[in-house]
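Each chain, written out:
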Amino acid sequence: MKVLRNILAASTLLVAATASAQSGQPFIHDPSTLAECDGKWYTFGTGGGGIITDDGWNWHSGAERPGGGAAPDMIKIGDRYLCIYGATGGGLGGGHAGRILTMWNKTLDPKSPDFKWSEAVEVCYSDGMEDQDAIDPGVLLDPTTGRLWVSYGTYFGTIRLIELDPATGFRKSGNKEKDIAIDCEASDLIYNDGWYYLLGTHGTCCDGVNSTYNIVVGRSKSPEGPYIDNVGRDMYHGGGKMVIAAGDRKTGAGHFGRTIIDEGVEVMSFHWEADFDMGGRSTLAVRPLLWKNGWPVGGDQLKEGTYEIESERRGYALELAVDFVRMNVARAGGFGGFGGGQQANAAPPQPVAEQKLEDVVSTWPSGNIPARIGDYMFRPHQKWTITAVPEAGGYLSNPYFKITIAGTDRALAATEDVEVTTVPAFTGAPEQLWRIEQLTDGTFRIMPKQIPGKEGTNTKYVLYSAGDSTPTLAEYDFKSDNSKWNFRQH
Amino acid sequence: MKHLIAIFLVGVPLALSAQNPVIRNQFSADPTARVFNNKVYLYPSHDIKPPVGQRQDWFCMEDYHVFSSENLTDWTDHGMIVTQNKVPWVRPNSYSMWAPDCVYRNGKYYFYFPSSPNAGGGFAVGVAIADSPEGPFIPEPEPIKGINGIDPCVLLASDGNAYIFWGNGRCAKLKDNMKELADDNPKSTVKFGNREMEMIGANCLEGLPNRQAEGPFAFEYNGNYYLTYPYVRENTEVLGYAMSKNPMGPYEYKGLIMAEHANGCWTNHHSIINYKGQWYLFYHHNDFSPSDDKRRSVCIEKLYFNADGTIKEVKPTMRGVGINNATEKIEIDRYSEASSDVTTQLIDTVNTFRSYQAALPKKGSWLRYNDVDFNSLTNDSYVIISVKASGNTAFSIREKSATGKVIAKVSLDNIVPPETPNAPAGGGMMGRFRRDMRGQWLTQTVALDYVPKGVTDLVVTNDGDAEIAVDYVLFKNRPKYFSPSTAAPISPDSEGFIHRWMLLDPINKPNSGNTVFTDSYLRDHFNREYFKGQQTILPKDGQKVQAVFKQEQAPAGFGRGMQQAPAQPEVKTVKQTLTWHALDSENMNVKLFRFAEKYGEQVYGVLFWAVTIIDCPEEIKDVRLAVGSNSASMWWLNGEETLLLSGDRRMVKDDAMSKRITLKKGRNVLRGAIINGPGMSDFCVRFLDEKGNPVTNYTIINNK
């Protein structure tokens with residue numbers, strides 16, 4: 001037990017660095033939209049290869065893409081993966097004449113016997129004389145029509161839209177290019193709730209810690225535009241509303257990709273030009289993608305710290321089911337202290353000390369204590385410390401966390417009967433590890449890694465308000481506030 | 001400035017255009033062409049590769065498409081019109097939708113097609129009827145009674161009757177309903193081995209060369225009826241014909257329209273039309289399937305008659321017919337004529353629809369491609385050509401002959417990589433992207449030295465020491481960015497943007513990137529004097545200034561942050577003679593990059609000066625100057641600093657605003673300096689009122 005504690009303490013020190021970035025070797029530039037294959041996630045960058053994660057959090061090299069060139073995008077259509085990438089262009093090795101190609105593979109796993117790229121076919125090009133630079137494709141399979149759209153281009157001229165045949169990956173016969181934006185690059189298209197969104201990367205690329213790269217968006221009712229920003233400005237005139245820019249010791253957000261994990265659970269992948277905690281290298285970022293008033297907004301990485309865990313259902317707080325310990329602080333100023341002038345001559349008010357853990361901890365049972373939801377009174381049994389457990393792996397956007405009562409090792413845990421309790425000490429057991437994801441509406445879902453007695457990693461059951469006062473584990477439902485929680489510091 | 005850009009490129013057929021074969025993204029055979037509504041409609045059979053379970057070395061056709069064209073070069077595929085499993089009488093999955101025809105009569109389009117019937121027994125011929133030549137065609141539930149055979153052709157004769165021909169030259173009259181044979185057709189009894197069959201109609205090829213005759217196509221011209229048909233003269237099919245004064249004969253054999261295919265393609269099948277006064281022969285050949293002559297493609301040639309009404313024999317060509325617009329993709333490998341050493345072959349023997357390439361093996365080799373229309377090209381145009389080479393070499397595109405006027409000269413200097421690929425040959429970053437381009441398809445883009453007028457012939461000549469192969473050529477006009485300012489004052493556009501500017505040739509101002517453009521840098525560098533009267537001049541078009549200034553030398557290799565911090569720069573004194581240009585921008589953003597490309601010594605690492613004169617009929621108060629610029633810029637209204645945009649900027653509409661200012665009555669002078677490192681420099685300027693609405697009630701003067 002003691003040994004374990006020491007390990008945990010040591011790893012906690014590392015957390016400050018690792019909890020805020022993808023773990024392992026997440027080094028990439030111009031990452032493609034995350035693609036899932038046999039339970040692993042892949043992203044491909046400029047150059048030849050890409051990186052892989054088995055759990056969504058720890059990344060390693062090993063993905064393979066032939067053809068070189070720059071800035072691929074990847075999409076699964078049916079049972080095949082379509083890779084689209086730019087060869088030359090971008091001012092590299094021959095000016096701004098570029099071409100964009102597509103190729104298919106049945107798998108992304110280079111070790112699979114099925115791993116074989118089809119011959120790449122060209123779908124568009126820039127001839128070097130135009131205000132156009134055919135690299136940086138971003139692809140959208142329109143969920144309403146099944147049509148396959150590609151935006152591409154750089155600062156050297158326009159962002160262009162073309163249509164491909166989703167059955168072949170070839171250019172759709174007779175399709176003509178359409179200019180939809182200027183002054184951005186690394187664009188991507190997404191669809192949400194009746195709107196098409198064009199995301200572009202603005203600012204200075206490829207200048208390390210000085211890169212101002214940032215991701216902006218405009219939207220349209222048609223995939224063919226016009227894409228208008230939040231002040232009514234066309235992206236064809238340089239418009240764009242910020243989605244994500246520098247912060248958290250990282251600069252230069254570029255090359256957006258959207259991944260829908262579940263209903264209401266979305267992440268965006270992109271790169272940082274420079275991660276100050278990773279030697280200023282270019283790293284992969286996976287952040288929650290929120291939707292606010294019809295606009296995509298980059299969510300923050302969940303930070304370690306002590307929080308109220310507030311139910312979206314009632315607004316009550318997750319707490320230990322222990323006796324409420326009254327604080328013996330005399331009510332000041334008579335009954336209620338109301339009334340003008342009554343206290344005019346009284347001494348100035350003094351701060352009241354909060355209830356402390358040591359004031360109450362002796363009243364708590366020593367074994368498992370069930371969880372409950374109640375009025376938030378900022379009492380010790382309601383304060384939860386969220387700490388990353390990086391050695392436990394993670395999922396897209398975060399490592400697993402332990403959720404402990406502040407100042408103690410008492411940890412929230414799933415039980416075999418699919419309820420929730422607290423155990424006196426965190427042991428690292430999978431039912432004590434929690435997957436915390438910010439939902440598109442800004443709330444969070446909280447999900448145990450495993451439920452005792454159930455096989456495999458849990459992806460279904462979340463911390464859930466069975467009643468206003470009663471937490472349980474139940475199937476995630478984005479439409480129900482019972483599935484949702486807020487982390488509040490106040 | 002002449003760009004020469006090399007990239008790989010493999011052609012993907014996107015549009016169907018020009019040259020033989022005319023349908024380039026799928027197989028097509030047995031072409032029946034018809035003229036409806038002044039357009040040519042093409043109803044071919046549709047060869048496909050046999051699916052699993054079908055005989056792999058036999059004809060395989062499951063449906064029909066219809067194509068149309070107004071110029072015989074651009075063909076539109078209107079899609080599938082009749083398919084085997086949606087015709088009640090056709091045996092499912094029989095893949096026997098053979099040669100069809102389509103005629104217009106009494107307000108309807110009648111599409112005739114043979115197939116294998118449910119009932120068994122060889123082939124029957126059915127009809128599908130539509131209101132438009134493109135369909136939708138509704139098939140009749142039963143085939144035409146009395147026809148047992150293939151390859152229907154319907155002749156609408158001047159005697160008022162419709163005749164249907166089929167099989168090996170049999171002909172019968174149709175009823176007015178076009179769906180049944182007439183009752184008064186001749187009948188005969190024919191023996192097939194031990195079986196006797198009653199055959200309706202006349203056998204028009206009886207006694208004529210008719211071995212394995214099929215695919216009859218009949219037409220009427222100058223009082224004669226022509227029955228044209230494929231038959232086997234020796235080993236494979238030729239197209240022959242016979243003439244008569246009556247639709248149902250007797251016919252007299254007259255000779256060949258087309259001899260056997262040189263490559264042994266066993267079948268040929270055809271139709272003949274007159275379109276806009278010219279006769280054309282449509283036929284087929286297995287261009288996209290040289291090893292399997294059951295997958296064929298439609299070709300077209302011009303056809304001519306002799307004075308006595310006989311037909312001149314037609315030779316198949318690669319070039320085919322029609323005039324190509326220079327701005328379309330032209331498959332020059334389908335040449336009209338070439339030096340004897342030129343050869344053609346498929347680019348890809350698997351994906352044959354990538355079509356052909358023509359190899360010009362040595363210096364002096366040439367090919368000519370006839371009839372290209374240059375009418376839509378401006379003087380500012382360029383050519384894109386798909387080419388590969390066995391080594392560093394050069395070639396020319398010329399007009400009319402191998403010694404004709406040079407339209408464009410293309411140098412292929414970077415085919416062979418530097419000896420040590422890792423050495424920074426060609427300079428740093430660029431060197432790393434250099435690859436072995438030998439035998440790779442490249443797209444060469446080059447400005448034209450000379451723009452032909454009208455319709456002319458293109459010639460490619462190999463001028464260098466390596467073999468080249470060409471695939472296609474395409475001409476493009478460059479976009480227009482500016483026109484000379486007109487004498488009359490102009491207004492801002494409806495959004496308030498100012499299109500009229502006096503622009504000075506760019507001052508060379510190397511820098512290591514755009515992030516160096518801090519406020520202090522800009523105030524320092526913009527307030528230095530580059531030329532006399534920098535802040536007071538009201539220049540005229542063509543006016544020259546002498547610029548003398550100290551220039552800080554940036555390290556070589558611009559852009560994308562290759563240099564984080566330039567070392568202590570070397571400073572040189574530079575003299576430049578610069579010219580002012582009075583220009584009206586075609587766009588809301590003034591494309592300085594393209595201005596520099598045309599007038600400047602360099603396009604990156606440049607400083608531009610711009611002046612415009614605004615004439616206000618009255619004082620306009622409380623407006624703001626709204627600017628977007630790539631990259632940093634500084635603006636002065638009537639000599640007062642009004643706005644500064646610092647840093648690495650893009651041209652964003654209304655990026656930065658001045659404080660509230662007043663445009664005085666009469667002339668106001670707006671002056672700007674725009675500086676850029678890497679990237680495409682441009683700017684947009686307008687005035688906005690307190691509510692953010694564009695100010696447009698003034699004019700912009702050309703200071704003549």
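Because the structure is predicted, anything quoted here is derived from the model rather than measured. (Residues numbered from 1 in each chain as written. Chains lettered and ligands numbered in written order. Predicted model: local features only at pLDDT ≥ 70, side-chain atom pairs only at ≥ 80, totals over all residues.)

Asks: I'd like a rundown of the overall build of chain B, residues and numbers included.
Replies: Assigned secondary structure in chain B consists of 3 helices and 48 strands. In terms of overall size, chain B is more extended than a compact globule, its C-alpha atoms giving a radius of gyration of 35 Å where 704 residues would be expected to give roughly 27 Å. Based on the C-alpha atoms only, the size of chain B along its principal axes is roughly 110 × 65 × 50 Å. Across the 704 residues of chain B, 46% fall into the buried class. Long-range pairs, those at least 24 residues apart, make up 66% of the contacts in chain B between residues at least 6 apart in sequence. (Helix = DSSP H or I, 4+ residues; strand = E, 2+ residues; numbered from the N terminus. Rg over C-alpha atoms; globule rule 2.2 N^0.38 Å. Buried ≥ 20, exposed ≤ 12 C-beta atoms within 10 Å, placed from the backbone. Contact = placed C-beta atoms within 7 Å.)

Asks: Explain the overall build of chain A residue by residue, including any values.
Replies: In terms of helices and strands, chain A carries 2 helices and 35 strands. Taking 23 Å as the expected radius of gyration for a compact globule of 490 residues, we find that chain A reaches 26 Å, a close match to that expectation. Once local pairs closer than 6 in sequence are excluded, the contacts in chain A between residues at least 24 apart make up 54%.

Asks: A description of the domain arrangement of chain B should follow, citing residues and the corresponding values.
Replies: By convention, interface size is frequently given as the accessible area that disappears when the constituent parts associate. Taken domain by domain, chain B holds domain 1 (21–303), domain 2 (324–417 + 428–477) and domain 3 (482–701). In this structure, domain 2 of chain B and domain 3 of chain B have C-alpha centres spaced 41 Å apart. (Domains from an automatic or database assignment.)

Asks: Got a sec to walk through the pairing of strand β24 (residues 369–374) of chain A? Specific residues and values, please.
Replies: All names here are of chain A. As judged from the 4 bridges shared by strand β23 (residues 317–320) and β24, these two strands associate in the antiparallel manner. Pairing of Leu320 across the sheet is with Ala371, part of β24. With 2 bridges connecting them, β24 and strand β30 (residues 420–423) associate as antiparallel partners. From the neighbouring strand, Pro370 faces β30, where its bridge partner is Thr421. (Pairing = 2+ DSSP bridges.)

Asks: Can you lay out the nonpolar core for me, pointing to particular residues and giving the numbers?
Replies: If you look at the biggest cluster of nonpolar residues, it comprises 82 residues, and the most contacted ones within it are B:Phe111, B:Tyr163 and B:Leu227. Those residues in contact with B:Leu227 that lie beyond four places of it in its chain are B:Gly169, B:Cys204, B:Pro216, B:Ala218, B:Tyr241, B:Ala242, B:Ser244 and B:Tyr251. Core analysis: the second largest hydrophobic core is formed by 76 residues, A:Leu140, A:Leu189, A:Tyr196 and A:Val217 among them. (Core = buried A, V, L, I, M, F, W, Y, C linked by C-beta atoms within 7 Å.)

Asks: An account of the sheet that holds strand β2 (residues 35–37) of chain A is requested, with residue identities and associated values reported.
Replies: Residue and element names in this part refer to chain A. Sheet architecture is open: 5 strands sit in the order β1-β5-β4-β3-β2, paired in mixed fashion. The strands lining the two open edges of the sheet, one partner per strand, are β1 (23–24) and β2. When β1 meets strand β5 (residues 58–64), the two strands line up parallel, connected through 2 bridges. Residue pairing across strands places Gly24 opposite Trp59, the latter belonging to β5.

Asks: Which residues make up the environment of A:Ile84, and what are the values?
Replies: Residue and element names in this part refer to chain A. Structurally, the position occupied by Ile84 is in strand β7 (residues 80–88). The exposure class of Ile84 is buried, given the 24 C-beta atoms found within 10 Å. Taking C-alpha positions, Ile84 is 9.7 Å from Ile135, a pair spaced 51 residues apart along the chain. Residue contacts for Ile84: discarding those within four places in its chain leaves Pro72, Asp73, Ile100, Thr102, Pro137, Val139 and Val150.

Asks: Tell me what's going on with helix α3 (residues 592–599) of chain B, and back it up with residues and numbers.
Replies: For the α-helix, the turn length of 3.6 residues means that residues three or four positions removed from each other point alike. Regarding α3(B), the residues found buried are B:Leu592, B:Phe593, B:Arg594, B:Phe595 and B:Ala596. Elements that come into contact with the buried residues of α3(B) comprise β35 (482–484), β36 (500–504), β40 (606–616), β46 (666–676) and β47 (682–688) of chain B.

Asks: Describe the domain arrangement of chain A, and please don't skip the residues or the numbers.
Replies: Residues and elements named next belong to chain A. Splitting chain A by domain gives domain 1 (22–298) and domain 2 (305–324 + 356–488). The interface of domain 1 with domain 2 comprises 20 residues on the first partner and 17 residues on the second. Mapped by element, the contributors of at least two residues to the side of domain 1 that touches domain 2 are β18 (250–262), β19 (265–275) and β20 (281–292). When residues in the side of domain 1 that touches domain 2 are grouped by element, the largest group, 6 residues, is from β20. Looking at the side of domain 1 that touches domain 2 residue by residue, the classes come out as 10 nonpolar, 5 polar and 5 charged. (Nonpolar A, V, L, I, M, F, W, Y, C, P; charged D, E, K, R; others polar.)

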